[in-house]
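Below, each chain spelled out in residue letters.
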Amino acid sequence: MKPSTISALLGSLFFATSAAASPSPVLAPRATSVLTPVTITGNAFYRGNERFYIRGVDYQPGGGTGVESDPIANATACKRDIPYFTKLGINTIRVYAVDNSKNHDECMAALAEAGIYLVLDTDTSKYSLNREDPKESYNSVYLQSVFATIDAFANYTNTLAFLSGNEVINNVTNTDCAPYVKAVTRDMKQYIGSRGYRSVPVGYSAADVAENQEIMANYMNCGTDDQRSDFYAINDYSWCDPSSFTTSGWDTLVANYTGYGIPLFMSEFGCITNTRTFEEVAALYNTSMTNVFSGGLVYEYSEEGNGYGLVTIDGDTVSTNADYNYLSSAYAQATNPTGNGGATSTSASTTCPTESADWDVANDNLPAIPAKAEEYMSTGAGTGPGLDGSGSQEAGTADNESTGTASAGSGTVTETASASSTKKSAGAKIPAVDTKAFMVVATIMLSMLSGMVLL
């Protein structure tokens, strides 16, 4: 939809005030081979009327080098790997970091043509929550990058889902990060709705921490609809071949999550304690699990020096490892259940967990979105900083951090309390905007356009 003349004028005015908040372009779906978007009903994913089970791998070639790179922007490497995806029989890849300043059309189109969807982390190593200081790192510099990534991928029909974080909470000592993870999830959902994108699901990928993984699941699914996550994903390495549904504890996992009201899948699995023959794949797509789980992603596609690689990449050459052949066979033999696989058709929220020795969250309040980041809801995020930006984790200031808690309902986030940060750090900062002056000028312009002058 084209903006009205008034909106365009106001957008131009705001752009002149803050270049970092420039309007996002209105984008059409860009994948040349259009896949049916995946949607959510109850606790399951669907492609059209057919239940969709994630069968995939985690994909970040070069991730072990210590230098972040974007595999979706590298069309040559992407096309090199797609035939290996196809031979594996997968329908989804997860990518942990992308450069939101680059174009991704060619790879996304090639993936779509191969019938492959993308689960995408919106964080990068420089632009993410800092579990050591979540308050300062939850700032408008960070959210601008997150929103720019949404802009870059929301209109591809094979973008299956966005992840608002990965293992931010990784032990019992940093559960105080939970309100910030949930706030980012809320902000992403609101941005998608405010910018008029289709409802790309947003969720979180939790670490394999027994003390709080399930507590976090309940926390991400409690509260109002705009606060709740669209899905929950877990990284799980408890099945180590040779094993079984009961020996691995996956039966307990299913029991613990039975009745969970949103889709659940494994964002990482594949223990390497012993030779991986991927016996767990048969269980994951069996009705013993499909009433709760919607498949999963094997860690990981390429060997990055940690022993998890299904293939070894040397320049343009890809060599398959034994794990690759085992997984290909396991996926081929694991057929999806008929019908809905035991899924529920309604979505139910959970009760928010109470504070405990394993859960350092005192109440259900969430931090309010930083005022500068809230402006992006109407103006768009503008150009992303990419992978080489100055970063956001230490860019928090009293001007761009959250100031207080927020209530939520019907997609609107309202600040209810005031608090200022005394901590200021160097780093990438968005130029300050005089919002009061902006509103005065905007009011005058609106009045002039309508033929009235307000004094």
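Structure first, text after, so check above.
Residues numbered from 1 in each chain as written. Predicted model: local features only at pLDDT ≥ 70, side-chain atom pairs only at ≥ 80, totals over all residues. Heavy atoms only, no water.

Colleague: Quick one: what's the story with the overall build of the protein chain, residue by residue and with numbers?
Modeller: Helix and strand counts for the protein chain stand at 13 helices and 16 strands. Looking at the protein chain as a whole, 53% of its 455 residues are labelled buried. The contacts in the protein chain between residues at least 6 apart in sequence include a share of 81% that link residues at least 24 apart. Accessible surface, the protein chain as shown: approximately 18500 Å² in total, 52% of it carbon and sulfur. (Helix = DSSP H or I, 4+ residues; strand = E, 2+ residues; numbered from the N terminus. Buried < 20%, exposed > 50% of the residue type's maximum accessible area, 1.4 Å probe, protein only. Contact = heavy atoms within 4.5 Å. Areas by Shrake-Rupley, 256 points an atom, 1.4 Å probe, with all protein chains shown as cover.)

Colleague: Describe the pattern of salt bridges, listing the residues and the values that go with them.
Modeller: Going through the model one piece at a time under the given rule, you end up with 9 salt bridges. Residue Arg80 pairs with Asp81 through a salt bridge whose shortest N-O separation is 2.9 Å. The burial state of Arg80 is the same as that of Asp81; both residues are buried. Residue Lys189 pairs with Asp230 through a salt bridge whose shortest N-O separation is 3.3 Å. (Salt bridge = Lys/Arg side-chain N within 4 Å of Asp/Glu carboxyl O.)

Colleague: Any details on helix 3 (residues 105-113)? Residues and values, ideally.
Modeller: Restricting attention to buried positions, one finds in helix 3 the residues Cys107, Met108, Ala109, Ala110, Leu111 and Ala112. The secondary structure elements touched by the buried residues of helix 3 are helix 2 (75-88), strand 5 (92-95), strand 6 (117-121), helix 5 (140-153) and strand 7 (159-166). Gly115 lies just past helix 3 and shows a positive phi near 80°.

Colleague: Residue-level account of the packing of aromatic side chains, with values.
Modeller: Evaluated as defined, the whole model comprises 22 aromatic pairs. An angle of 75° between the planes, with centres 6.4 Å apart, marks the rings of Tyr84 and Tyr324 as edge-to-face. In this pair, Tyr84 sits in helix 2 while Tyr324 sits in helix 11 (residues 322-333), placing the two residues 240 residues apart along the sequence. Aromatic pair Phe231 and Phe265: ring centres 5.5 Å apart, planes at 35°, arrangement tilted. Placement of Phe231 in strand 9 (residues 231-236) and of Phe265 in strand 10 (residues 264-269) is noted, with a sequence separation of 34 residues between them. For the pair shown, Phe231 and Phe265 are each scored as buried. Through successive ring pairs, a cluster of aromatic residues spans Tyr96, Tyr237, Tyr299 and Tyr308. Seen from the ring of Tyr285, Arg55 lies directly overhead, with NZ or CZ sitting 4.4 Å from the centre. For Lys182, the ring lying beneath its charged end belongs to Tyr219, and the centroid distance is 4.5 Å. (Phe/Tyr/Trp six-rings, centres within 6.5 Å; stacked < 30°, edge-to-face > 60°. Lys NZ or Arg CZ within 6 Å of the ring centre and 35° of its normal.)

So yeah, pure geometry; function would need other evidence.
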